[in-house]
Amino acid sequence: QVHVVESGGGLVQAGRSLRLSCVASGSTLSGYAMGWYRQAAGKQRELVAGIGSNGTAVYSKSVKDRFTIARNNARNTVQLQMNSLKAEDTAVYYCVARPIGESHEYWGQGTQVTVSS
């Protein structure tokens, strides 16, 4: 069973950048698909970016070309580089790990990102 912990959130002005990190323990990430979700106040949780065990990445339309997801299996980490942040990116961001070929997921506690306009 893997345990994931997010870090790197905070308050930033619109147009600036933040990098979120997700550190896993309890298992190596090489056997997991990883993703970042976010949930803004009053809205449903949504997938922001995902990355497969082979490094293939997917992004939501709202963040494509601004955010980059990357994984380092040797260090058991996944990062989300967020550039050109907008006020609408304000949300709690969650790291999620899903074992390859399985349906259950492991969620972190989340990290708050607030973008001031």
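First things first, this report covers the structure right here in the doc. (Residues numbered from 1 in each chain as written. Predicted model: local features only at pLDDT ≥ 70, side-chain atom pairs only at ≥ 80, totals over all residues. Heavy atoms only, no water.)

Considerations on the environment of glycine 35
Along the chain, glycine 35 falls in strand 4 (residues 32–39). Non-local contacts of glycine 35, meaning those with residues more than four positions away in its chain, are made with Ala49, Gly50, Ile69, Tyr94, Cys95 and Val96. (Helix = DSSP H or I, 4+ residues; strand = E, 2+ residues; numbered from the N terminus. Contact = heavy atoms within 4.5 Å.)

Some points on the state of the cysteines
Tallying each qualifying case throughout the model produces one disulfide. In this model cysteine 22 forms its disulfide with cysteine 95; the gap between the sulfur atoms is 2.0 Å. Linking cysteine 22 and cysteine 95, the disulfide has an S-S dihedral of approximately -75 degrees and is accordingly described as left-handed. Here the residue cysteine 22 occupies a position in strand 3 (residues 18–25), and cysteine 95 occupies one in strand 9 (residues 91–99), the gap between them amounting to 73 residues. (Disulfide = S-S within 2.5 Å.)

A short note on the packing of aromatic side chains
Under the criterion given, the structure shown has two aromatic pairs. Measuring from ring centre to ring centre gives 5.0 Å for tyrosine 37 and tryptophan 107, while their planes differ by 45 degrees; the resulting arrangement is tilted. One end of the pair, tyrosine 37, is in strand 4; the other, tryptophan 107, is in strand 10 (residues 106–107), and 70 residues separate them in sequence. Relative to tryptophan 107, the ring of tyrosine 94 has its centre 5.9 Å away and its plane inclined at 65 degrees; by these criteria the two rings are edge-to-face. Remark: tryptophan 107 occurs in strand 10 and tyrosine 94 occurs in strand 9; sequence separation between them is 13 residues. Classification of tyrosine 94 by relative accessible area gives buried; the value is 14%. Following the ring pairs from residue to residue traces out a cluster consisting of Tyr37, Tyr94 and Trp107. The ring centre of tyrosine 94 lies 4.2 Å from the NZ or CZ of arginine 45, which sits over that ring. (Phe/Tyr/Trp six-rings, centres within 6.5 Å; stacked < 30°, edge-to-face > 60°. Buried < 20%, exposed > 50% of the residue type's maximum accessible area, 1.4 Å probe, protein only. Lys NZ or Arg CZ within 6 Å of the ring centre and 35° of its normal.)

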